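Listed below are the residues making up each chain.
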Amino acid sequence: MKLKKKDRQEKLNQAIEKTPFITDEELAEQFQVSIQTIRLDRMELGIPEVRKRIESVAQENWDETLKALPAAEVIGEVIDLELDQSAISILDIQAEHVFSRNQIARGHHLFAQANSLCVAVIDDELALTVNASIQFKRSVRLNERVVAKAKVINTDKKRTTVEVNSHVGKELVFSGTFEMYRSTDR
């Protein structure tokens, strides 16, 4: 049963507050209405599109600065960063990321998102990947959003171990453990 407009807008607002990175497409499916209806509801409620919401959350939460590489060189969009602790990035899979024949994302894009996030989380001017143990858990497809979460699990002198788990929704699609070299001892 479809909700009345007022009820739908109230629930839409709650859904976006709970999951700020949810797309209009996902909301349309959840509320069983068209994408255009969701966009109109968002406009009436003064809720920006997902890109603007991501930027807003990033500005609110990101009090640290990248040291080992410029933000433009991180694959995906960093939305949270605590140097030498954790980081989160989002990568929206677009046409340039997939094989044209089957619309499946090329694995090197998922690896690059995870690897660049590992470099970004290191609190040092120089961070390089020494070793990586990775697993692709399932194929990622065109228009899916990959959320990568990196967590520093160990630091010993000039080596830092970072664990990365990437999800599409709640489903794990990539995991890896990265051993990172840093130029200064910790």
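Residues numbered from 1 in each chain as written. Predicted model: local features only at pLDDT ≥ 70, side-chain atom pairs only at ≥ 80, totals over all residues. Heavy atoms only, no water.

## Comments concerning the overall build of the chain
Then comes step 1: Counting its regular elements, the chain contains five helices and six strands.
Then comes step 2: Reading the chain from its N terminus to its C terminus gives the helix and strand order α-α-α-α-β-β-α-β-β-β-β.
Then comes step 3: Taking the principal axes of the C-alpha coordinates as reference, the chain spans close to 60 × 40 × 25 Å.
Then comes step 4: For the chain, with 186 residues in total, the buried portion stands at 41%.
Then comes step 5: In the chain, the proportion of contacts linking residues at least 24 apart, taken out of those at least 6 apart, comes to 60%. (Helix = DSSP H or I, 4+ residues; strand = E, 2+ residues; numbered from the N terminus. Buried < 20%, exposed > 50% of the residue type's maximum accessible area, 1.4 Å probe, protein only. Contact = heavy atoms within 4.5 Å.)

## Focus: the UniProt feature "domain: Thioesterase" (unreviewed entry) in the chain
Then comes step 1: UniProt's feature table lists "domain: Thioesterase" (unreviewed entry) at residues 114–166, given in the numbering used throughout.
Then comes step 2: The span residues 114–166 shows a helical share of 15% and a strand share of 57%, and its end C-alpha atoms are spaced 8 Å apart. (UniProt positions renumbered as here; feature names shortened; annotations may be inferred.)

## Brief notes about helix 2 (residues 24–31)
Then comes step 1: All of the buried residues along helix 2 are Asp24, Leu27, Ala28 and Phe31. Take helix 2 and look down its axis: the buried residues cluster within an arc of 100°, on one side only.
Then comes step 2: If you follow the buried residues of helix 2, they end up packed against helix 1 (5–18) and helix 3 (35–45).
Then comes step 3: One or two positions beyond helix 2, positive phi appears at Gln32, with a value near 55°. (Arc of directions from axis to C-beta.)

## Let's talk about the side chain of Ser175
Then comes step 1: Assignment of secondary structure puts Ser175 in strand 6 (residues 171–182).
Then comes step 2: Contact partners of Ser175, with chain neighbours within four places excluded, come to Ser133, Ile134, Gln135, Lys137, Val164 and Asn165.

## Concerning the sheet that holds strand 3 (residues 127–136)
Working definition: the strands of a sheet are paired by backbone hydrogen bonds and lie parallel or antiparallel to each other.
Then comes step 1: Strand order in the open sheet formed by six strands is 1-2-4-5-6-3, with antiparallel pairing between adjacent strands. In this open sheet, the two strands that pair with only one neighbour each are strand 1 (77–82) and strand 3. Along the sheet, successive strands turn relative to each other by an average axial angle of 20°, direction set aside. (Pairing = 2+ DSSP bridges. Axes fitted to C-alpha atoms, helices over the stretch in contact; angles between N-to-C directions.)

## Comments concerning the nonpolar core
A general tendency of soluble globular proteins is for nonpolar side chains to be buried together.
Then comes step 1: Ranked by size, the top nonpolar core spans 31 residues in total, and within it Val140, Val162 and Val164 carry the most contacts.
Then comes step 2: Secondary structure elements with two or more residues in this core: strand 1, strand 2 (86–92), helix 5 (107–121), strand 4 (145–156), strand 5 (159–168) and strand 6.
Then comes step 3: Among the elements that make up this core, the one with the highest residue count is helix 5 (seven residues).
Then comes step 4: Excluding anything up to four places from it in sequence, Val140 contacts Ile93, Gln103, Ile104, Ala105, Leu110, Val146, Val168 and Val173.
Then comes step 5: Counting residues in hydrophobic clusters, the runner-up holds ten residues, among them Ile22, Ala28, Phe31 and Ile38. (Core = buried A, V, L, I, M, F, W, Y, C linked by side-chain atoms within 4.5 Å.)

## Here's the deal with the layout of surface pockets
In this approach the atoms are scanned with a rolling probe the size of a water molecule, which exposes any empty space left behind.
Then comes step 1: Reported here for the largest pocket is a volume of approximately 1200 Å³.
Then comes step 2: Forming the walls of the largest pocket are 32 residues, and the residues nearest its centre are Phe21, Ile22, Thr23, Glu26 and Arg145.
Then comes step 3: Counting only elements with at least two residues in the lining of the largest pocket, the list comes to helix 1, helix 2, helix 3, helix 4 (50–61), strand 2, strand 4 and strand 5.
Then comes step 4: Broken down by element, the residue count for the lining of the largest pocket peaks at five residues, all from helix 2. (1 Å grid on protein atoms, 1.4 Å probe; cavity = no way out; pocket = protein on both sides within 12 Å on 5 of 7 lines; lining within 4 Å. Points joined across faces, edges and corners; volume = space filled by probe spheres on them.)

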